[in-house]
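Structural description and commentary
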Amino acid sequence: MSIQSSSVRIVEVGPRDGLQNIKETIKTKTKLELIHGLQKCGLQTIELTSFVSPRAVPQLADAQEVVNDSKIQDWLKDPNIRLPVLVPNEKGLDDALKNKVKEVAVFVSATEGFSKANIKCSVEEGLERARAVAKKATKAGVAVRGYVSCIFSDPYDGPTPQSFVHRCVKSLIEAGCYEVSLGDTLGVGTPWKVHGLIKYLKENGIALNFLAGHFHDTYGMAVANVWEAYRSGVRVFDSSVAGLGGCPFAPGAKGNVATEDLVYMFHSSGIKTGIDLQKLVATGDWISKELSRLNSSRAGTALMSKQKPRIQWTKVKEAPGLLTFRSGENLKFVLNRPTNGNALTSQMMLELTSAIRDARHDPKISRLIITGRGNLFCMGVSLHKWMDRSAREAQYRLLADLLRAIDEAPQLAVACLNGHVCAGGIGLAFACDIRVAPADIQVSLHHNKFGSCLATIGKYVIREWGLGFARMSMLSARPVAATKLGSYHIVSIVADTGANMPTAIDRVLDILDRPVPGPFRIKKKMVEQEYIQAGTEQQSTDINEFEVTTNVCTVASPVKSTCQPKDNVDECGGIPPLSQAKV
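Below is a summary of the structure that appears in this document.

Some words on the packing of aromatic side chains
- According to the stated counting rule, one finds three aromatic pairs in the structure shown.
- Ring-pair connections join several aromatic residues into one group, and the members of that group are Trp227, Tyr230, Phe237 and Phe266.
- Cation over ring: Arg16 sits above Tyr147, and NZ or CZ is 5.7 Å from the ring centre.
- Across from the ring centre of Tyr147, 5.4 Å away, lies the NZ or CZ of Arg145, which sits over that ring.

Have a look at this one:
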């Protein structure tokens, strides 16, 4: 990969080095969402994971599942994207090759103490392992990257002689590594030490284009060290989004230098990285919240503080399964049963219906927002095996009343689909006027029972989807992707992932027309009559009345919605997994 002399290449190591020492198990879905988000930021080199023994690194036990993600498998075919995985030995390499990996990384320690503690062998034995892996990988057409740890100090042996580092770097290059990353494992480096080591390596035959820098921020020197390495001629640097990671031999250390800090520094200095800093900052903020950890990126934290949403929500009521928030003319309802798929109980439906109808009498409320907590928007009405037919029908009457309240509300109703949706939840989404959703969810019209549920939600689906598309979707019972609904303007996709939905809600409210409820009421009535009375004389009469009442003839542009099937919740039993057929 050619790099202009004025630009740098950032190697993102967060998904592997940043996560591997976290004790709490991180879901594979979260790891994949992180990797997908990083790639969308413009990062072209992302270290995915490590094919290492699960006993040694339990956090990376899902390496095969990560690498076999469909998007990652597609990226592996792209020559412009590097996705290395760390392999400790030939067994790890064999596992990587089985999973079509195109690049691996090997690692050695420059010092004996750390080598024996970390990989249970001497430095020479570690180099022999690396050579064996590199030889086999090269023969298989797989690129090899190298790591040398403890370049400045060893927690057991003390300061590291420069000649020790040179020995390892030279051996890895001769073994076939196209690049060797110099790792300040303990984060004890300073710009003076960095300059001295790079000068020594260069004077002893190591070309700078073979080197990369991997600095830890234990003493707050990482960014300064990167800058000194850049001034010394190095153009490739490892970093971790939000500063994820840390060395177990340096308790309390911040770990890897934050990618946001490097990108901010380089961009502010007129040096290109090819990375979208704002997207990167948002990704770092998201993963920090997802892992319930403080964001260690100084630049990321500072930039996020400037992006505080204009809309500030205040909780006004909390009922079982339902939270209500207010921000000026906006009233937001949050379904709060995430562990039950946000399935609607009778109490939730009564509470929500009452709140929406009460809002009719508040002239200061012009928009209603309905969303949910967790990974699902709403998986339908809460039904139980002990319910007889009359009890089930009573639940659907409550749902019908709720949908009618939403449909008849004078305010603009916005469904913000934070996750997958099916069954009665579909009615909740499509009784609203417009929808916002992430691109990675689907709507499932797959039901074991089409009776009461379909009778309750059908009118809203057909009205919003159109008869032909709705008929095809209902009869095929295949999940419909958000992107498909978006292409028909049934849904406006404004968030890359469900994790970005809180920001997306604020964004869509900010760009929507902001009239008081009166004009909204007129506009909604106009749209309704256009649908019901199309082609009739009454339609012409209503149009004339509308033009007399207001000169505003535009309705807020449609927004997108999405949804997808999940495991059996309520009436949604038997929904196929996400990986199956999509429309």
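Details of the packing of helix H11 (residues 259-268) against helix H13 (residues 298-305)
- Between H11 and H13, whose axes approach to 6 Å, the crossing angle comes to 80°. Comparing their axes, H13 and H11 come out roughly perpendicular. On the side of H11, the interface is formed by Glu260, Asp261 and Tyr264, while H13 contributes Arg298, Ala299, Gly300 and Leu303.
- For the contact of H11 with H13, a count of residues per class yields three nonpolar, one polar and three charged.

Brief notes about the pattern of salt bridges
- In the structure shown here, the tally under the stated rule is 24 salt bridges.
- Here Glu228 ties to Arg231 by a salt bridge, and the two come within 3.3 Å at their closest N and O atoms. Taken together, the residues span about one helical turn, with Glu228 and Arg231 both in helix H10 (residues 222-231) at a distance of three residues.
- For Glu228, a relative accessible area of 13% gives the class buried.
- You can call Arg231 exposed: its relative accessible area is 57%.
- Salt bridges here are not isolated pairs; linked through shared partners, they connect Arg9, Arg145, Glu179 and Asp238.

What to know about the side chain of Asp154
- Tracing the backbone through its elements, the reader meets Asp154 in strand S6 (residues 153-154).
- Summary of buried charges: Asp154 has no salt-bridge partner, and the nearest side chain of opposite charge, Lys116, is 10.0 Å away.
- In terms of polar contacts, Asp154 uses its side chain to reach the backbone amide nitrogen of Phe114, at 2.8 Å.
- Not counting the four nearest positions on each side in its chain, Asp154 is found in contact with Thr111, Gly113, Phe114, Thr160 and Leu186.

The rules behind each value
- Residues numbered from 1 in each chain as written.
- Predicted model: local features only at pLDDT ≥ 70, side-chain atom pairs only at ≥ 80, totals over all residues.
- Heavy atoms only, no water.
- Phe/Tyr/Trp six-rings, centres within 6.5 Å; stacked < 30°, edge-to-face > 60°.
- Lys NZ or Arg CZ within 6 Å of the ring centre and 35° of its normal.
- Axes fitted to C-alpha atoms, helices over the stretch in contact; angles between N-to-C directions.
- Helix = DSSP H or I, 4+ residues; strand = E, 2+ residues; numbered from the N terminus.
- Parallel < 35°, antiparallel > 145°, perpendicular 65-115°, else oblique.
- Contact = heavy atoms within 4.5 Å.
- Nonpolar A, V, L, I, M, F, W, Y, C, P; charged D, E, K, R; others polar.
- Salt bridge = Lys/Arg side-chain N within 4 Å of Asp/Glu carboxyl O.
- Buried < 20%, exposed > 50% of the residue type's maximum accessible area, 1.4 Å probe, protein only.
- Lys, Arg positive; Asp, Glu negative; His and termini not counted.
- Polar contact = N/O pair within 3.5 Å; in protein donor to acceptor, adjacent residues only side chain to side chain.

None of the figures reported here should be taken as evidence of function without further support.
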